Amino acid sequence: MDENALLRAACEAHSWEYFEHGAVVGIPGGRRQRVFLEPVRDDGEAKGRAYTVIGDASALSATRMEAALAMNFHLEHGALALGHGKLVMVETVYLDSMNPTQLAEVLRYIADTADRYERTIYGTDKH
């Protein structure tokens, strides 16, 4: 199953809004988080890079950036990273061995964690 078919099935099972290479995951309290799933081809294995934006990196002071990177140590899965000038939460998944339920668990974790950091670091709900 390709990444979009897998993503669409995960969205349908959880009533999330699907869009090509992404989903809008509902967060308790009426918040939402847009999560993207990009294909990654490496040595013939189908992988996906799941990520969501937390906020603009340019808005972070050096102290806040260091604090954000220190949070990586405490993450159960994934990592905080910089991508396209943004602070993001990212996780790489093996698509060939994943089913829609497993993908939904990954997306939910990324969305929940990123939303918590967005609320804590930026005080917003933009992403």
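Residues numbered from 1 in each chain as written. Predicted model: local features only at pLDDT ≥ 70, side-chain atom pairs only at ≥ 80, totals over all residues. Heavy atoms only, no water.

J.: Any chance you could break down unusual backbone geometry for me, citing the residues and the numbers?
T.: Of note in this structure, Ser15 is not a glycine but carries a positive phi near 55°. Relative to the helices and strands, Ser15 is located in the loop between helix 1 (3–14) and strand 1 (17–19). (Helix = DSSP H or I, 4+ residues; strand = E, 2+ residues; numbered from the N terminus.)

J.: Before we move on, can you summarise the pattern of salt bridges with the specific residues and values?
T.: Counted under the stated rule, the structure contains six salt bridges. Note that Glu17 and Arg32 form a salt bridge whose closest N and O atoms lie 3.9 Å from each other. Of the two residues, Glu17 sits in strand 1 while Arg32 sits in strand 3 (residues 31–42), which places them 15 residues apart along the sequence. Taking the shortest distance from any N to any O, the salt bridge between Arg108 and Asp112 comes out at 3.8 Å. (Salt bridge = Lys/Arg side-chain N within 4 Å of Asp/Glu carboxyl O.)

J.: Please give an account of the environment of Asp56 that cites residues and values.
T.: With respect to the helices and strands, Asp56 occurs in strand 4 (residues 45–56). Separated by 56 residues in sequence, Asp56 and Asp112 have C-alpha atoms that sit 18 Å apart. Once residues within four sequence positions are removed from consideration, Asp56 is found in contact with Gly85, Lys86 and Tyr122. (Contact = heavy atoms within 4.5 Å.)

J.: Can you lay out helix 3 (residues 100–122) for me, pointing to particular residues and giving the numbers?
T.: The end-to-end C-alpha separation of helix 3 is 31 Å, in line with the 33 Å expected for 23 residues at 1.5 Å each. Measuring from the backbone nitrogen of Thr101 back to the side-chain oxygen at the start of helix 3 gives 2.9 Å, which picks out Asn99 as the cap. Just beyond helix 3, the residue with positive phi is Gly123, at close to 70°. (Expected span 1.5 Å × (residues − 1). Polar contact = N/O pair within 3.5 Å; in protein donor to acceptor, adjacent residues only side chain to side chain.)

J.: Outline the sheet that holds strand 1, listing residues and values.
T.: Ordered in space as 1-2-3-4-6-5, the six strands form an open sheet in which the pairing is antiparallel. Each edge of the open sheet carries a strand with a single partner, namely strand 1 and strand 5 (79–83). Each adjacent strand pair in this sheet contributes to an overall mean axis angle of 35°, direction not counted. Bridge count for strand 4 against strand 6 (residues 86–94) is nine bridges, and the pairing is antiparallel. Residue pairing across strands places Ala50 opposite Glu91, the latter belonging to strand 6. Seen against the sheet, helix 1 touches strand 1, strand 2 (22–27) and strand 3 and runs at an angle of roughly 170° to strand 1. (Pairing = 2+ DSSP bridges. Axes fitted to C-alpha atoms, helices over the stretch in contact; angles between N-to-C directions.)

J.: Talk me through the packing of aromatic side chains; I want residue IDs and the actual numbers.
T.: Inspection of the entire model under this criterion finds two aromatic pairs. With a centroid separation of 5.7 Å and 70° between ring planes, the pair formed by Phe19 and Phe36 is classed as edge-to-face. Taken together, the residues Phe19 in strand 1 and Phe36 in strand 3 connect sequence positions 17 residues apart. For Phe19, a relative accessible area of 18% translates into the label buried. Phe36 gets classed as partly exposed once you look at its relative accessible area, which sits at 21%. Consider the rings of Phe36 and Tyr51, whose centres lie 5.1 Å apart with planes at 25°: the pair is stacked. Remark: Tyr51 occurs in strand 4 and Phe36 occurs in strand 3; sequence separation between them is 15 residues. (Phe/Tyr/Trp six-rings, centres within 6.5 Å; stacked < 30°, edge-to-face > 60°. Buried < 20%, exposed > 50% of the residue type's maximum accessible area, 1.4 Å probe, protein only.)

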